[in-house]
Amino acid sequence: MSADRFDVLVLGGGVAGCVLAARLGEDPGRSVCLVEAGPDHGPDPAGWPAPLLDARALPRQDLWERKVAAHRFRARVVGGSSCVNGCWNTWGSEADHREWVRAGGERWGAAAMEPYRDAAVRAMGLRPVPGRELSPWARAAADAARELGHAEVDMGRTGEPGYGFPLLNAHDGLRRNAALAYLGPEVRARSRLTVLPHAVADRLLVRGDRVDGVVVLVDGVPRTLRAERYVVAAGAFGSPALLLRSGIGPAGELRALGIDPVLDLPGVGANLSDQPGVFVPLAPTPELDAALAAKERDGELYVSRVLLRTAGAHAPEDGWNLHVLPSAGPPLFGSLPPGRYEAGVSAFLMKPASRGSVRLTSADPLAPLALDPGFLTDPEGHDLAALRSGLETALALAGTAALKGLAALPGGTAPHLLGDDELRARAGTYWHPAGTCAMGPDDDPAAVVDGEGRVRGLANLTVADASVLPTVPAANTQLPVLATAELLAAALTTGPGA
Ligand SMILES: Cc1cc2nc3c(=O)[nH]c(=O)nc-3n(C[C@H](O)[C@H](O)[C@H](O)COP(=O)(O)OP(=O)(O)OC[C@H]3O[C@@H](n4cnc5c(N)ncnc54)[C@H](O)[C@@H]3O)c2cc1C
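Cut-offs applied
- Residues numbered from 1 in each chain as written.
- Predicted model: local features only at pLDDT ≥ 70, side-chain atom pairs only at ≥ 80, totals over all residues.
- Heavy atoms only, no water.
- Helix = DSSP H or I, 4+ residues; strand = E, 2+ residues; numbered from the N terminus.
- Expected span 1.5 Å × (residues − 1).
- Buried < 20%, exposed > 50% of the residue type's maximum accessible area, 1.4 Å probe, protein only.
- Pairing = 2+ DSSP bridges.
- Near = heavy atom within 4 Å.
- Polar contact = N/O pair within 3.5 Å; in protein donor to acceptor, adjacent residues only side chain to side chain.
- Areas by Shrake-Rupley, 256 points an atom, 1.4 Å probe, with all protein chains shown as cover.
- Nonpolar A, V, L, I, M, F, W, Y, C, P; charged D, E, K, R; others polar.
- Salt bridge = Lys/Arg side-chain N within 4 Å of Asp/Glu carboxyl O.
- Phe/Tyr/Trp six-rings, centres within 6.5 Å; stacked < 30°, edge-to-face > 60°.
- Lys NZ or Arg CZ within 6 Å of the ring centre and 35° of its normal.
- 1 Å grid on protein atoms, 1.4 Å probe; cavity = no way out; pocket = protein on both sides within 12 Å on 5 of 7 lines; lining within 4 Å.
- Points joined across faces, edges and corners; volume = space filled by probe spheres on them.

Q: How should helix α11 (residues 382-398) be read in this particular structure?
A: One turn of the α-helix equals 3.6 residues, which is why residues spaced by three or four share an orientation. For α11, with 17 residues, the first-to-last C-alpha span of 25 Å sits near the 24 Å given by 1.5 Å per residue. Along α11, 13 of the 17 residues are buried, which leaves the element largely enclosed by surrounding structure.

Here it is, written out as structure tokens:
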């Protein structure tokens with residue numbers, strides 16, 4: 001076999017890509033190449049840049065773009081966005097699974113996905129926050145949730161609304177990302193797994209109903225790699241972009257960019273769902289600042305570790321549509337003088353009705369993408385109403401006896417009473433984009449892949465990352481994406497494409 005031919009090419013080495021490379025590489029008879037646009041910092045944490053390992057902050061290195069709107073942030077490194085994210089892991093509701101079963105069949109049900117969820121929890125070393133690490137703010141936030149009548153729930157599973165503690169992929173302040181978890185020294189020692197960093201997948205070469213190669217820019221130089229099966233795992237922005245550059249997508253749009261359409265799939269790049277949120281700032285008391293400073297000196301200050309999941313306006317049956325997040329610590333953006341911290345409560349809309357899109361601006365793989373998150377734009381205004389109900393809960397939490405002694409609400413218009421445009425202007429992101437190569441049943445014209453991630457109309461092409469989820473779960477997406485990749489890797493090794 002030539003150096004450029006493999007059994008499987010995994011295109012994109014992020015959260016899902018690491019899972020797929022590891023699982024598909026378990027068969028010693030199968031050669032697998034993992035192609036990643038960014039660097040590979042290797043299997044030993046000692047070789048990693050310190051900011052990527054520091055779980056107490058969101059690093060700003062190894063990104064595709066810097067100094068852009070926050071919703072565009074995505075990592076460019078083996079390990080993907082698990083190297084730059086908040087290390088929080090939660091699971092969604094029964095309602096999410098109902099939506100996914102409708103789109104992809106019974107394997108997407110809550111019970112059927114449990115083994116994949118569990119495998120991801122084990123591999124990533126996910127664990128609840130040890131009590132001793134909770135800050136005085138986090139303890140008070142849990143008291144505040146109880147004061148409002150919420151019960152404690154397991155954030156790592158489906159169940160009821162309530163408050164709880166997300167599972168962390170961080171130990172003693174160090175972020176354990178998907179590259180370290182899935183591509184450790186033993187896995188890499190397998191002779192038939194190749195990791196190819198600094199390699200941008202430009203376009204797939206389609207011949208008839210098969211992919212016959214992929215053009216990759218390795219350190220800027222084009223090279224064609226070939227395989228029996230191609231698995232695209234370039235994330236909710238990168239995967240549709242690669243398909244579009246390959247002529248797979250809405251034919252009219254592609255022609256307008258000078259790209260010859262090879263497969264008219266209108267759903268590619270459409271249906272972008274991400275979770276918008278609004279931060280309600282509070283003014284920390286000197287006592288809270290002092291307590292947080294002591295925690296920081298002990299190396300135990302994570303941004304926030306208590307979460308309330310609640311059903312606000314337009315919540316699905318059997319589910320919740322809001323995360324209400326009390327946080328206190330170093331600011332996510334910018335900086336404050338030593339010993340001063342940012343406190344507040346955010347409300348995030350977890351089940352948006354609004355949809356955005358990912359489009360190309362050019363056929364050049366290095367050109368920036370046109371990313372429209374579509375936040376709070378659904379014509380019925382359900383998303384604005386749901387977010388407002390979350391902001392009311394945020395205010396109620398801030399006003400509890402447990403929290404109001406630690407941080408005060410500044411004056412001014414209450415956030416849920418702000419006008420629509422102002423609310424849209426204040427909306428940030430929870431960084432959970434999904435849905436841009438959505439799975440769906442045969443009769444859904446917007447479906448890009450089937451329940452096993454196979455691209456409709458092509459025999460040997462799979463998409464296997466956040467982009468296949470037709471609806472974003474009512475959860476932080478890392479754990480659901482890990483489980484999705486585990487599920488699709490199992491389908492690939494047991495299905496007809498094995
Ligand atoms: C700032 C931030 C904070 C977040 N916080 C959390 C959190 O606390 N908890 C949580 O659950 N989730 C969080 N997330 C979301 C979570 O990280 C994602 O859901 C998850 O990483 C998605 O996995 P993925 O494999 O689909 O994409 P990614 O992990 O983004 O991986 C995609 C990979 O593909 C590569 N790629 C793209 N295009 C190409 C190409 N053409 N050629 C080669 N390689 C390519 C990219 O460089 C990247 O490495 C956060 C995300 C961000 C950005």
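After presenting the structure, the write-up continues.
Q: Help me understand the pairing of strand β11 (residues 210-218) in this model?
A: Successive residues of a regular strand alternate their side chains across the two faces of the sheet. Counting buried residues in β11 gives 7 out of 9 residues, a clear majority hidden from the surface. The pairing of strand β10 (residues 199-207) with β11 spans 8 bridges and is classified as antiparallel. Bridging from a neighbouring strand, V206 pairs with V211 of β11. Adjacent in sequence and paired antiparallel, β10 and β11 are bridged by 2 residues, among which G208 carries a positive phi angle near 60°. The pairing of β11 with strand β12 (residues 221-232) spans 5 bridges and is antiparallel.

Q: Sorry if this is basic, but what is going on with the site of the ligand here?
A: Near the ligand, the surroundings consist of 36 residues, among which E36, W88, A201, T477 and Q478 are the closest. Between the ligand and H432, the relevant distance is 3.4 Å, taken from a nitrogen atom to a side-chain nitrogen or oxygen of the residue. For the ligand, an oxygen atom lies 3.2 Å from a polar atom in the backbone of A466. Contact with the protein chains removes 95% of the 1,000 Å² of surface that the ligand exposes when unbound. For the shell around the ligand, the secondary structure elements donating two or more residues are α1 (15-24), β10, α8 (235-245) and α14 (478-494). By residue class, the composition of the shell around the ligand is 19 nonpolar, 13 polar and 4 charged.

Q: Please explain the pattern of salt bridges as it appears in this structure.
A: Side chains that carry opposite charge are capable of pairing whenever their charged atoms lie near each other. Applying the stated rule across the entire model yields 31 salt bridges. In this structure, the salt-bridge partner of R23 is E26, at a minimum N-O distance of 2.8 Å. For R23, a relative accessible area of 25% translates into the label partly exposed. For E26, a relative accessible area of 42% translates into the label partly exposed. In this structure, R340 engages D289 in a salt bridge whose closest nitrogen and oxygen atoms are separated by 3.8 Å. Placement of R340 in the loop between β17 (322-329) and β18 (342-349) and of D289 in helix α10 (residues 286-297) is noted, with a sequence separation of 51 residues between them. Judged by relative accessible area, which is 10%, D289 ranks as buried.

Q: I tried to follow the packing of aromatic side chains on my own but got confused; where do I start?
A: The relation between two aromatic rings is expressed through the spacing of the ring centres and the mutual angle of the planes. Per the counting criterion, the structure on display carries 5 aromatic pairs. Taking the centre distance of 6.2 Å and the plane angle of 90° together, the rings of W100 and W108 count as edge-to-face. On the basis of relative accessible area, W100 is assigned to the buried category, the value being 1%. Between F333 and W431, the ring centres sit 6.3 Å apart and the planes meet at 50°, which makes this aromatic pair tilted. Pair noted here: F333 is in the loop between β17 and β18 and W431 is in the loop between β22 (428-429) and β23 (461-463), with a separation of 98 residues, a long-range link. The cationic tip of R74 hangs over the ring face of W64; the distance from NZ or CZ to the ring centre is 4.2 Å.

Q: What is the right way to look at empty space enclosed by the protein in this model?
A: Using a probe with the size of a water molecule, rolled over the atoms, empty space left in the structure can be pinpointed. This structure, assessed with the given rule, holds 2 cavities of 30 Å³ or more. Its boundaries defined by the atoms lining it, the second largest cavity holds a volume of some 30 Å³. For the second largest cavity, the full set of lining residues is W91, G92, S93, D96, H97, W100, P473 and P480. With 3 residues, the single largest contributor to the lining of the second largest cavity is helix α3 (residues 94-104).

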